[in-house]
2 protein chains.
Amino acid sequence: MNFSIAEENYIKAIWRLQQSDANVTTNELAAELQTKPASVTDMLKRLSEKKLLNYAPYYGVKLTADGKKLALSIIRKHRLWEYFLVEKLQFNWDAVHDIAEELEHVSSPELIERLDAFLGYPKADPHGDPIPDSKGRMTSISNLTLQQLPEAQPAIVTGVGDQSSSLLELLRQKNIGIGTKLEIKQRHAFDGSVEIKIRNQPLINLSEQLAKNILVKPQ
Amino acid sequence: MNFSIAEENYIKAIWRLQQSDANVTTNELAAELQTKPASVTDMLKRLSEKKLLNYAPYYGVKLTADGKKLALSIIRKHRLWEYFLVEKLQFNWDAVHDIAEELEHVSSPELIERLDAFLGYPKADPHGDPIPDSKGRMTSISNLTLQQLPEAQPAIVTGVGDQSSSLLELLRQKNIGIGTKLEIKQRHAFDGSVEIKIRNQPLINLSEQLAKNILVKPQ
DNA sequence: ATTAAAATTTAGACGAAACTAAACTTTTTT
DNA sequence: AAAAAAGTTTAGTTTCGTCTAAATTTTAAT
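Residues numbered from 1 in each chain as written. Chains lettered and ligands numbered in written order. Predicted model: local features only at pLDDT ≥ 70, side-chain atom pairs only at ≥ 80, totals over all residues. Heavy atoms only, no water.

Residue and element names in this part refer to chain A. Following the criterion strictly, the structure yields 22 salt bridges over all chains and no others. Lys12 is the salt-bridge partner of Glu104, the closest N and O atoms lying 2.9 Å from each other. With Glu104 in the loop between α5 (97-103) and α6 (109-119) and Lys12 in helix α1 (residues 5-20), this residue pair connects regions lying 92 residues apart in the sequence. Summarising the burial analysis for this pair, Glu104 and Lys12 share the class buried. We note a salt bridge from Asp94 to Arg172, for which the minimum N-O separation is 3.0 Å. Of the two residues, Asp94 sits in the loop between α4 (65-87) and α5 while Arg172 sits in helix α7 (residues 165-173), which places them 78 residues apart along the sequence. With relative accessibility at 36%, the residue Arg172 sits in the partly exposed group. (Salt bridge = Lys/Arg side-chain N within 4 Å of Asp/Glu carboxyl O. Helix = DSSP H or I, 4+ residues; strand = E, 2+ residues; numbered from the N terminus. Buried < 20%, exposed > 50% of the residue type's maximum accessible area, 1.4 Å probe, protein only.)

Written as C-alpha cells, this is what we have:
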C-alpha cells in the first residue's frame, strides 16, 4: 500500500497527539496540521476507509495497528534523515526539521535500511528522540524534566520537549545539547527558575519554562 | 518561486527532449511522461503562464531562460543524489535512478550545497553524466560512442547512452563501468558487433546496439 | 432540563492534475 | 487541390485535498 504525502502527514500528526491524548479530536488535528476542521473530517473518512484508523464521528479517532506501523515508519525515516543532516552535512540541530519533513516521504525501504547502516544504526536523533528500528520497535525515552531534577543531582541531557526552532536556538546559544552534563545549584522559589552549572562554565540561569522543556537522566 | 513535483517533471522532460530536438512536441512529451497528449496541453498552458516556456499551440514548446535554469537545478539535484546513493550507500548504479527521481524534488537549496560539499564536489554522476554546478554550468560530455571508436585505439568509458536498467545491468555483468579502459580488437562487418579487450580479461563481444550506447574518450 | 456555546459534520465549491471523447489543425498522400 | 492520416486542442469528468458557510451534535451553563 502506498500513501500520499498528505495522508502520511495526518497519520504522523495523529500519532504525535495520541501520545499525550488517548483520543484525538478534529480540532486538535486541524490546529496541529494548520488546516480547517472540515478538511480534517474529510481526510479522516478516507483514512478510515483505508483501515489506518478507527473513526467515530463526533468522538475522535485512534490509529489501528496498521496506522501505528505506518506512523513509526515515517518517524523512523524522519529521525534518520535528521541524524544524517546533523552528523554528515553539519547542519545545526535547529535547522533540520523542515528538511526532514520532506525527506521522510521518499518511499524506498531499501534507501532507509542502507542509510541506517551508513549512519551506524543510531539510537536517537539529534534532539534525543529515539529512532524506531525497521520493525517499528523503539526504546522509550526519559521523561524526567530538568525542572523535576533534585538540586545537586548530576544529570545528562537526553532530549528536548519540542522541536521549535526558538527553543533549539536558545539551547544552542546557551551551549546545551544532547549529552551535556549539568546539575542544579539553586532553585528560585519566586519564578521557578534554576541556576545550573555546566563543567568549566560559569553558573547560568534558566527560566522555569525552559527547564520544563529539557529532558534529563540522573547520573 | 516554488513548483510542484508534476511541474518539475515536465520541465525536466522538456529539457531532455530539447537536447536532441530543438522543438519539443506534445506527443513526444506525452510518451516521455507516460501520460496523454490532452494532459500535456493543459500543463503546457500552465507552465507558459509561469514563464518557464514559450508555447505555440500546434507547434510545440521551448524552455525560456528561467525554464532552463529550473531544469538544470533539478538535474543537479538528481545527479548529486545518484552519486550519494552509489558512493555512500553502496547502491548498484542500475538501482538509483528511481530513488533519485524522488529525492530531486526536495526543495532546500542549502541541503544541496552541503550535500555537494560532503560528496567532494563530484563532476559526474555514476553514469558519467556531468553534474551542473550551483550556477547551472555544466561541462559537456564526450559524444563519441564505442561504435565510432577506431580499432586498436585505447579509450576510457565516460558514460552511457541511457539509464535503462536493462542496459546498466548488462554492463555491470560484463564488468564495464565508468572509468573502464578498453580497446577494440576486431570489428565484425556482418552484424556490426565488436570484440573488445579489457585489461587482464579475455576478449568479449558486444553487439552493435550495445556499442552505440557506451560513450568513450580516446586515451 | 432547557438554553447557550463549542465542536463537528455536511453541502457545495475550487484548483491541480489527470482522463476520454470529440473537434479542430497541420501534414501527408494521392 | 482534395482527401486521409496524424497530431493537437477543447470540452466535459474525475479524484485529491482543500476551503466557506450552513446544519447538526455534543458539552457546558444557567
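Okay, the interface of chain B and chain A next. Contact with chain B, which involves 19 residues of that partner, is made by 19 residues of chain A. Across the interface of chain B and chain A, roughly 1600 Å² is buried in total on both sides, 75% from carbon and sulfur atoms. When the area that chain B buries against chain A is broken down by residue, the three leading residues are Leu89(B), Glu102(B) and Arg114(B), summing to 30%. Our count for the contact surface shared by chain B and chain A stands at six residue pairs in polar contact (both at pLDDT 80 or more). Breaking the side of chain B that touches chain A down by element, the ones donating at least two residues are α4 (65-87), α5 (97-103) and α6 (109-118) of chain B. In terms of residues, the side of chain B that touches chain A owes the most to one element, α6(B), which gives five residues. Of the residues belonging to the side of chain B that touches chain A, the class tally is eleven nonpolar, four polar and four charged. (Contact = heavy atoms within 4.5 Å. Buried area = accessible area lost by both parts, 1.4 Å probe. Polar contact = N/O pair within 3.5 Å; in protein donor to acceptor, adjacent residues only side chain to side chain. Nonpolar A, V, L, I, M, F, W, Y, C, P; charged D, E, K, R; others polar.)

Right, let's get into the domain arrangement of chain A. Segmenting chain A into domains produces domain 1 (5-63) and domain 2 (144-218). For domain 1 of chain A and domain 2 of chain A, the distance between their C-alpha centroids amounts to 34 Å. (Domains from an automatic or database assignment.)

The next subject is the sheet that holds strand β6 (residues 194-198) of chain A. All names here are of chain A. Read across the open sheet, the six strands follow the order β3-β8-β4-β5-β6-β7; overall the sheet is antiparallel. With one partner strand each, in any of the chains shown, β3 (144-145) and β7 (204-206) form the two edges of the open sheet. Relative to strand β8 (residues 214-218), strand β4 (residues 155-160) runs antiparallel, the two sharing five bridges. Within the sheet, the bridge partner assigned to Val157 lies in β8 and is Val216. (Pairing = 2+ DSSP bridges.)

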